[in-house]
Amino acid sequence: RNDGFDGVRDEYTGMLRHQMDAGNNGLTKTKYLSFGIHAESMKTAKPRLIHIEMDLLNNFKRLGVQAATLNGKERLELMHEEFHMGDDQKFFFDWKWLTGSGLSVKDFIAPSGLYFKNGRFFQMGDMYGAMSFLSIDASDISDRMLADFLSMESSQIVTMHIHSVDQNEAIKTVKHTITELDRSKIEEQKKAVRSGYDMDIIPSDLATYGKDAKDLLKELQSQNERMFLMTFLILNTGRTEQELENNVFQANSIAQKHNCNLVRLDFQQEQGLMSTLPLAGNEIEIER
């Protein structure tokens, strides 16, 4: 404007651009918790699901976290967002539209096309995607890893399927593992004696895993700990195949930083994609 303040305007514009470059590029992170049970019928399952739902909401409330249960339409909207990550198509739906139209809920959430070209990636509308699972090699993992995955500047879906193991079954499994480790240790000691060196020298992996297994058994028996089976899945996306590969490479680098590996689901991309959808049980949206 040539009024003597152009220098201030330039400085302020530079500050805004710097904040925009360091920001989240308009990405929104949303967290959902799905829970389900096995039951003989809907009538049997409904009261149990309601009981679990109330327990979860009360626990989140004690943590100071806002959470709300999704209804059927909101679950459909969530699946619509997953299938339309690469476009700006809006979700329009009403239950009364199904009556007499011959349409199903799939017609309102399906993408323009799903193309599973090969076993390494797939195309969903105009967006490319690749499903990978986390191979957990570390004995202990910090929740910082999840934060690092969610801080990536690309659209992605991180899914954790968690199954609680019965306490008695968990203790039995750990005891069996300790027995197998002790058997391997004895075999190594026999080899050491036959070779003429100190029998106390055993592979470091056996010593490490043996200590970890015994610590886990102690926690399960005396510290009210639980064992869980977990499958950690990541859906990376990109506008092009090259952008997709770059995002997968970045996610793999994060996994390796935490002593884990990200393994592509070969020829299981379709099954991996379906496992990210809230098809069973109830969903709770969590807000921090």
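Residues numbered from 1 in each chain as written. Predicted model: local features only at pLDDT ≥ 70, side-chain atom pairs only at ≥ 80, totals over all residues. Heavy atoms only, no water.

**Considering the pairing of strand β5 (residues 127-136)**
For step 1, the next point in the chain: Within β5, seven of the ten residues are buried, which leaves it mostly tucked inside the rest of the structure.
For step 2, the next point in the chain: Pairing of strand β4 (residues 122-124) with β5 involves three bridges; the strand directions are antiparallel. The partner of phenylalanine 122 across the bridge, within β5, is glycine 129.
For step 3, the next point in the chain: Counting the residues between successive antiparallel strands, the hairpin from β4 to β5 contains two residues, one of them, glycine 125, with a positive phi of roughly 65 degrees. (Buried < 20%, exposed > 50% of the residue type's maximum accessible area, 1.4 Å probe, protein only. Helix = DSSP H or I, 4+ residues; strand = E, 2+ residues; numbered from the N terminus. Pairing = 2+ DSSP bridges.)

**A few points about empty space enclosed by the protein**
For step 1, the next point in the chain: If you walk through the whole model with that rule in mind, you get one cavity of 30 Å³ or more.
For step 2, the next point in the chain: For the largest cavity, the calculated volume is near 40 Å³.
For step 3, the next point in the chain: When grouped by side-chain class, the residues that make up the lining of the largest cavity number five nonpolar, four polar and two charged. (1 Å grid on protein atoms, 1.4 Å probe; cavity = no way out; pocket = protein on both sides within 12 Å on 5 of 7 lines; lining within 4 Å. Points joined across faces, edges and corners; volume = space filled by probe spheres on them. Nonpolar A, V, L, I, M, F, W, Y, C, P; charged D, E, K, R; others polar.)

**Notes on the environment of histidine 84**
For step 1, the next point in the chain: Take histidine 84: it is sitting in the loop between α3 (72-83) and α4 (106-109).
For step 2, the next point in the chain: The exposure class of histidine 84 is buried, given its relative accessible area of 6%.
For step 3, the next point in the chain: Along the sequence, histidine 84 and aspartate 126 sit 42 residues apart, while their C-alpha atoms lie 8.8 Å from each other.
For step 4, the next point in the chain: At 3.2 Å, the side chain of histidine 84 and the backbone oxygen of alanine 110 are in polar contact. (Polar contact = N/O pair within 3.5 Å; in protein donor to acceptor, adjacent residues only side chain to side chain.)

**A look at helix α7 (residues 204-222)**
For step 1, the next point in the chain: With 19 residues, α7 extends 27 Å from end C-alpha to end C-alpha; this agrees with the ideal 27 Å at 1.5 Å per step.
For step 2, the next point in the chain: Among all positions of α7, only Leu206, Gly210, Ala213, Leu217 and Leu220 are buried. On an axial view of α7, the arc spanned by its buried residues comes to 95 degrees, and they lie on one face. Looking at α7, the residues exposed on the side facing more than 90 degrees away from the buried face are Ser204, Lys211, Lys218 and Ser222.
For step 3, the next point in the chain: In the core, the buried residues of α7 are packed alongside α6 (167-195). (Expected span 1.5 Å × (residues − 1). Arc of directions from axis to C-beta. Contact = heavy atoms within 4.5 Å.)

**Remarks on the environment of methionine 127**
For step 1, the next point in the chain: Turning to its location among the elements, methionine 127 is positioned in strand β5.
For step 2, the next point in the chain: What makes methionine 127 buried here is its relative accessible area of 4%.
For step 3, the next point in the chain: Each C-alpha atom of the pair methionine 127 and glycine 238 lies 6.0 Å from the other, and the pair is 111 residues apart in sequence.
For step 4, the next point in the chain: With residues up to four places along the chain from it excluded, the contact list for methionine 127 reads Met85, Gly86, Phe122, Thr237, Gly238 and Arg239.

**A few points about the packing of α6 against α7**
For step 1, the next point in the chain: Put simply, α6 and α7 touch, their axes get as near as 10 Å, and they point 155 degrees apart. By the angle between their axes, α6 is roughly antiparallel relative to α7. Seen along the crossing, α6 lies across α7 with a hand that is left-handed. Across the interface between the two elements, Gln167, Ala170, Ile171, Val174, Lys175, Ile178, Leu181, Ser184, Lys185 and Glu188 from α6 touch Leu206, Tyr209, Gly210, Ala213, Lys214, Leu216, Leu217, Leu220 and Gln221 from α7.
For step 2, the next point in the chain: When the residues that make up the contact of α6 with α7 are grouped by side-chain class, the tally is eleven nonpolar, four polar and four charged. (Axes fitted to C-alpha atoms, helices over the stretch in contact; angles between N-to-C directions. Parallel < 35°, antiparallel > 145°, perpendicular 65-115°, else oblique. Left-handed = near helix turned anticlockwise from the far one by under 90°.)

**Notes on the pattern of salt bridges**
For step 1, the next point in the chain: In total, this model carries eight salt bridges according to the counting rule given.
For step 2, the next point in the chain: One salt bridge connects arginine 183 with glutamate 180, and the closest N-O pair in it is separated by 3.0 Å. Highlighted residues: arginine 183 and glutamate 180, both in helix α6, separated by three residues, approximately one helical turn.
For step 3, the next point in the chain: Of the residues examined, arginine 183 reaches a relative accessible area of 45% and is grouped as partly exposed.
For step 4, the next point in the chain: In the salt-bridge network here, residues are joined through shared partners; they are Asp3, Asp6 and Arg9. (Salt bridge = Lys/Arg side-chain N within 4 Å of Asp/Glu carboxyl O.)

**Section: the packing of aromatic side chains**
For step 1, the next point in the chain: Inspection of every chain in the model, using the stated rule, returns seven aromatic pairs.
For step 2, the next point in the chain: Put simply, the rings of Phe91, Phe93, Trp95, Trp97 and Phe108 touch in pairs and so form one group of aromatic residues. (Phe/Tyr/Trp six-rings, centres within 6.5 Å; stacked < 30°, edge-to-face > 60°.)

**Describing helix α2 (residues 42-62)**
For step 1, the next point in the chain: End to end, α2 covers 30 Å across 21 residues, agreeing with the expected 30 Å (1.5 Å per residue, within 8%).
For step 2, the next point in the chain: Looking only at α2, the buried set comprises Ala45, Leu49, Glu53, Leu56 and Phe60. For α2, the angular spread of buried residues about the axis comes to 70 degrees, placing them on one side. Of the exposed residues in α2, the ones pointing more than 90 degrees away from its buried face are Lys43, His51, Lys61 and Arg62.
For step 3, the next point in the chain: Where α2 ends, the next residue or the one after it, glycine 64, has phi of about 80 degrees, a positive value.

**Re the layout of surface pockets**
For step 1, the next point in the chain: In this structure, the second largest pocket encloses a volume near 1200 Å³.
For step 2, the next point in the chain: Along the walls of the second largest pocket sit 30 residues, with Ile136, Ala138, Ser139, Asp140 and Phe228 positioned nearest its centre.
For step 3, the next point in the chain: Counting residues per element, the ones that place at least two in the lining of the second largest pocket are β5, α5 (144-150), β6 (156-164), α6, α7 and β7 (228-238).
For step 4, the next point in the chain: Among the elements that line the lining of the second largest pocket, the one with the most residues is α7, at six residues.
For step 5, the next point in the chain: Residues belonging to the lining of the second largest pocket are distributed by class as follows: 18 nonpolar, four polar and eight charged.

That is the geometry; function is a separate question.
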